[in-house]
Amino acid sequence: MNSARVGIIGAGLAGLNAAHVLNRAGIDNEIYEASDRIGGRITSDLIDGYICDRGFQVVNPAYSELLETGIARDLGIRALPKGARIHLNGTSILVGDPRSSLRYWSGDLSRRSGSLLEKLHFFQYLMAKTEDLTFSAAMNDCGGFFDDVLSPFLTGVFLTSPSEMSNQMARELIHWFIKGRPGLPRGGVKRLPELLADGANIHLNAEVELLTNRSIRVNGRSEEFDAIIVAADPISACQLLDLPRPKTSGCITWYHSCDAGTLSEKEIQIPTRSAIVNSVVLSNTAPEYAPSGKQLIATTALVEVPDGELHSELNRIWRQNTDKWELVKRDDITSALPFHPPGQELLQPIQFGSGVYVAGDWRSIPAQQGALLTGRLAAQRVIGELQVR
């Protein structure tokens, strides 16, 4: 093994993938994680037989960086349908990738999901060179298709209105949605960081208080390294690097249970003109997410929704009385995803001073792909630096 020593701050996907790459190269490394678990937001809780991820999450097995890790097949991903039911003006319409199911053809061609001309403009957008402007400006010719279908769906992806997001970033994520079939890993999303952490040297409850050149102060003691990768959450990373705090988006996810067989549809439900962003029966795709005889439903919003209003919206979405559904868990996530505005590069600089590197989805695109990518690139830069010495 190489005699060099690398310190990694943070055991989220970026830090774990950096360690994964360094271990493959035979370079000694240690991860310092401030909390009592790995994975960052990518984690799951087991509550009375229900698997509740930290907010509704999926894993896209088509992500090139996930494939690069070599663990994609071991995730046991059960794919969600490549479609959604859009609730609009008191009715609903099923839309989706027509290549995946004939069930979507009717809704895709219907004027209720936008005119054929608007959909043609979207197809042309996918074929054209991506411009650096707001996503809403890029969607200017897509009219009702953008307003009633794309925007409500992508609000649940970005956890903020897509209108002011970077068009380049939005186009990148749309590409991965088209290419892959996102789904739920066997045992919950926590399986992803667990597999990635295999063989890693991780110190939990180890908060890094100070970063200076190639040394850190952690829990009151100093540690020296040949290189350091800062892969903490964006707020903690910016504090250590003395950078402005980035804008982030939050969400609230409610997990409810009802009797098995109550809800049959697997597609995600997307209400328009509602405080709710989406609702989906997780156990219809991954049965182990709920105990025998029960179903588990995840419902997400970007703002607080009073209980009465929440159930009123759920009644409208699922077309039945949901008042007696049992609340299994509620997740309030204040900084779920970084905001990616126009003008921000899809990949920001990885090196930050001599021997210090930075990784995380806030340095790339706000997705698992971005976290894994920057973790790999930071590790490869470290490997290159150590080889030069």
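For the structure, check the block above.
Residues numbered from 1 in each chain as written. Predicted model: local features only at pLDDT ≥ 70, side-chain atom pairs only at ≥ 80, totals over all residues. Heavy atoms only, no water.

Peer 1: How should I be thinking about the pairing of strand β6 (residues 83-88) in this particular structure?
Peer 2: Looking down a regular strand, the side chains alternate between one sheet face and the other. Counting buried residues along β6, six of its six residues qualify, which places the element largely inside the surrounding structure. Burial along β6 is two-sided: Gly83, Arg85 and His87 and Ala84, Ile86 and Leu88, pointing in opposite directions, are all buried. Across six bridges, β6 lies against strand β7 (residues 91-96) in antiparallel orientation. Looking at β7, one finds that glycine 83 is bridged to glycine 96. (Buried < 20%, exposed > 50% of the residue type's maximum accessible area, 1.4 Å probe, protein only. Helix = DSSP H or I, 4+ residues; strand = E, 2+ residues; numbered from the N terminus. Pairing = 2+ DSSP bridges.)

Peer 1: For this particular structure, what's the right way to read the packing of aromatic side chains?
Peer 2: For any pair of aromatic rings, the description rests on two quantities: the centre-to-centre distance and the angle between the ring planes. A full pass over the atoms with the stated rule returns seven aromatic pairs. Consider the rings of phenylalanine 122 and tyrosine 125, whose centres lie 5.9 Å apart with planes at 25°: the pair is stacked. Of this pair, phenylalanine 122 and tyrosine 125 both sit in helix α4 (residues 116-127), three residues apart, which is roughly one turn of the helix. Residue phenylalanine 122 shares its accessibility class with tyrosine 125, and that shared class is buried. On the basis of an interplanar angle of 75° and a centroid distance of 5.5 Å, the ring pair of phenylalanine 135 and phenylalanine 146 is categorised as edge-to-face. Separated by eleven residues along the polypeptide, phenylalanine 135 in helix α5 (residues 135-138) and phenylalanine 146 in helix α6 (residues 143-158) bring together distant segments of the chain. The burial state of phenylalanine 135 is the same as that of phenylalanine 146; both residues are buried. Members of the aromatic cluster, each reached through a chain of ring pairs, are Phe122, Tyr125, Phe135, Phe145 and Phe146. One residue, lysine 247, lies across the ring of phenylalanine 339, its end atom 4.3 Å from the ring centre. Over the ring of tryptophan 362 we find arginine 363, and its NZ or CZ is 4.8 Å from the ring centre. (Phe/Tyr/Trp six-rings, centres within 6.5 Å; stacked < 30°, edge-to-face > 60°. Lys NZ or Arg CZ within 6 Å of the ring centre and 35° of its normal.)

Functional significance is not addressed by these values, which are geometric in nature.
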